[in-house]
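Each chain, letter by letter, is given below.
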Amino acid sequence: MSDAATGARALSGRRVLELADERGVYCGKLLADMGADVIKIEKPGGDATRNIAPFWEDRPHPDRSLFFLYTNTSKRGVTLDITSVEGKGLFRRLAETADMVLETFPPGFLEDLGLGYRDLHELNSRLVLSSITDFGQTGPYRSFKSSEIVAAALGGSMYVTGEGEDPPVKLAGSQAHMMASTYAAVSSMIALYSSSISGKGQHVDISVEEATVSVSHICGVGKWLDDGIIPRRRGTGLFASVPSGAYPCSDGMVYLMINRPLHWQALARWINEVTGNQEVLDPMFEGPSSTRQPYRDLLDLFISELTSRFTVDEIYHEGQRRHIAFTPVNSAAAVARDAHLVARDYFVEVEHPGTGRFEYPGAPYRHSATPWHIARPAPGVGEHNEELYGVELGVPAEQLRSLEEAGVI
Amino acid sequence: MAAERQALANLRVVEFAAALAGPWIGRIMACCGAEVIRVESKKRPDVVRGYVPPWAPEMGVQPQLSPWFTDWNAGKRFVALDLTRPEAVEIARRLVAACDVVIENYSAGVMDKLGLGYSELRGVKPDIVMISTSGYGDRGPHHRYITWGPNIEALSGLSKLSGFPERECTMTQYAYPDTLSALHGLFAVMCALDHRSRTGEGQHISLSQTEATIAVIGDVMMEYLANGREPKSLGNRSLHAAPHGCYRCRGGDRWCAIAVFSDTEWESFCDVLGHREWRTDPRFSTLSSRLENVEVLDELIGRWTVGRTDSEVMFALQEAGIAAGVVQNTEDQLHRDRQLAERRFFEEVPHLKKGTVIAAGIPLGLTATPGRSGCAGAAVGQDNEYVFSELLGMAPEEIRRAIDVGAIENSDDR
């Protein structure tokens, strides 16, 4: 077994109850992969996130959604109808043992069930309740409908993504939800830190819209109030960096960004060596990006003459050898085969008992003492009902059966 | 009610960092009450300080005025040390000994070469939590390669997997890997602090921005890893919903995003658009038929949206219970978004040179310990006096000597 499989866990001893849809499951994963005991509570029959396509080997099944598998690693899974009387009772008992509850219900839903922050605080004053909603717990839009693309729109990321002549476009996957989840993970840990000092938990109110505005703030209010230019999408180059953008190679594309005078000089020399271009060495192009701003199109031509003579790999490695920030525009396949990532053992194989194994994206960070680790694959529907309710809470087998028959679990 | 103590009020952080991905970690911690001290040198200024105000270019470079410097550094303390001097390294070590967390994003190997690597700092402060963030992480064949945030969008697969199918590289204008990495980095630090509070043990964290970025598109990557197939770029479309897209509205570059999931939503949608007949139209009556005929569906919807303003479209659909939202730019967010206004998302931040400035808030949503951005616009070495004399207890003599040998640099501001 590797060190990662046997080492100490940063969050061991922390217990999290997760009642989360696609907006919050990545938060639970972040906590679980660092060692927290994350108990995923699904409605009886399983959550709708199990139906998100595509599926492993294209076989639709509640345990084969790739989104579900990825975002629920290291968690235990139980089912519970928290709207039923018995369900509430079990949930309260679990909440007494937990450090944190993560939920993505509409604002007010848990309160109406008698399970709002105040109710939970009475049971367990150290508890942190982290709520992720589309717009937050307050405000005129709090009951509005949203989705990933609507959050990307209101959050401002779409307006500044893609080509100038194309409509605004969203990023791959679900970045608004991922950022709301990441914010929730950060805030929850800060709240837990505070709680362990003061003895008092708190309600964490995460808005998907605000999380999206926040991570795209380079294009935001500070810059605009200063220069009066509203940032919009403008292709692959960034306005403030000249040159920057994607350039063609013989077998694909590379991305280049120049921000420092020395980096420009190294690039100009290389272009000159390979293409014989003398003009590129002109001192009028030297200095910070702002001096090259008027010549962006011309310089793009010069650079394309260089890059198109080589393969992506040649430009990438020779460029980097010359201290020029070239990187490949990678496909998923290229990322999976990337020599650097492979040498770092980034991808980790996950065994799905009885069904097979394949590699998952690995640790976003490497802790020297408490390594990130996938402790188990995503749970099946109610996989840990017996273990949690029977063994840990001591609910008699008889009663478990009747709860099952009543549709509570 | 008495003011609550801030969540991270008992933490002290020292930052050897520049640009965005490292400094934003400290910025958020400062917002939560941590004392965050940035070490800088005038000899190697942060690129963000190389700022010429666009409204007065004749002023030249103004290291305190950059709005980005505010966004990523408000509320921190600033000291000036020339770390190429051994005396300065000694002072930096004393500073680390008084801290809980070290944040660094210098080029690969620089901290070690300066004598400020984790193994050294652990000797000075055994339970220190140190995070190093870089494009590639601290080991592996390419760990010395240089990157900026946008490079990572390409390297991680994000820019190829995103956008319309006919586009090979779709980029954001906001260096997304920088901010997403900072959030992952802060989470990693808080986990390490949780472990420290239980065990007394510190540790080193190395964050590769490439790996953090792959993590947030991990679900998309799984299509290749599990099924051996390159994921399709979907643009604004969805496998689960139609209509699902971004529709042109009245005016230039104005758009509204719309997503219709359930059959009930689809029926209300037809009513709002005044096309009840679409409900029974065989091309559109079920989700699978709508997905099959999505081109013509999108075109028909576009004919309706283009005659209306983006807000009219959004509010008409929201009233009918359908997810819709204006594609907002930064001006819309500041002046038109009633939700952000009501929640006071944008903050007025005190600024040493400008009085106050407006900045995006840090939406942590900590209702009992809400946090607040401290002062922005500090000069290099602004807080030399406080840090060296009050915090480290250096005698005036000692400070003078350090200045004389060039270890401590004088502040430009006084």
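Residues numbered from 1 in each chain as written. Chains lettered and ligands numbered in written order. Predicted model: local features only at pLDDT ≥ 70, side-chain atom pairs only at ≥ 80, totals over all residues.

### Remarks on the interface of chain A and chain B
Taken together, the contact between chain A and chain B spans 130 residues of the former and 129 residues of the latter. Grouping the amino acids of the side of chain A that touches chain B by side-chain chemistry returns 73 nonpolar, 38 polar and 19 charged. Relative to strand S6 (residues 203–208) of chain B, strand S12 (residues 366–367) of chain A is paired through two bridges, and the arrangement is antiparallel. In the sheet register, arginine 366 of chain A faces S6 of chain B, and the bridge partner there is serine 206 of chain B. (Contact = placed C-beta atoms within 7 Å. Nonpolar A, V, L, I, M, F, W, Y, C, P; charged D, E, K, R; others polar. Pairing = 2+ DSSP bridges. Helix = DSSP H or I, 4+ residues; strand = E, 2+ residues; numbered from the N terminus.)

### Remarks on helix H3 (residues 86–97) of chain B
Residues and elements named next belong to chain B. With twelve residues, H3 extends 17 Å between its outermost C-alpha atoms, agreeing within 8% with the 16 Å of an ideal straight helix rising 1.5 Å per residue. Three or more residues of H3 are buried, namely Ala88, Ile91, Ala92, Leu95 and Val96. In an axial view of H3, the angular spread of the buried residues amounts to 145 degrees, which keeps them on one side of the axis. Contact partners of the buried residues in H3: strand S1 (12–16), strand S2 (35–40), strand S4 (101–104), helix H5 (118–124) and helix H18 (396–404). (Expected span 1.5 Å × (residues − 1). Buried ≥ 20, exposed ≤ 12 C-beta atoms within 10 Å, placed from the backbone. Arc of directions from axis to C-beta.)

### Examining the domain arrangement of chain A
Segmenting chain A into domains produces domain 1 (3–216 + 345–405) and domain 2 (244–330). Here domain 1 of chain A and domain 2 of chain A have C-alpha centroids that lie 44 Å from each other. (Domains from an automatic or database assignment.)

### Notes on the nonpolar core
Counting 240 residues, the largest nonpolar core has Ile190 and Val254 of chain A together with Val189 and Cys256 of chain B as its most contacted members. Among the elements that make up this core, the one with the highest residue count is helix H8 (residues 175–198) of chain A (13 residues). Other than its neighbours up to four places away in sequence, cysteine 256 of chain B contacts Tyr247, Cys249, Thr305, Asp310, Val313, Met314, Ala324, Gly325, Val326 and Val327 of chain B. The next biggest cluster of nonpolar side chains, apart from the first, holds ten residues, and it includes Val221 of chain A together with Ala74, Val357 and Ala360 of chain B. (Core = buried A, V, L, I, M, F, W, Y, C linked by C-beta atoms within 7 Å.)

### Digging into the environment of glutamate 58 of chain B
Residues and elements named next belong to chain B. Inspection of the secondary structure assignment puts glutamate 58 in the loop between S2 and helix H2 (67–73). Assessed through the 6 C-beta atoms surrounding it within 10 Å, glutamate 58 is described here as exposed. Residues glutamate 58 and serine 107 lie 49 residues apart in sequence; the distance between their C-alpha atoms is 33 Å.

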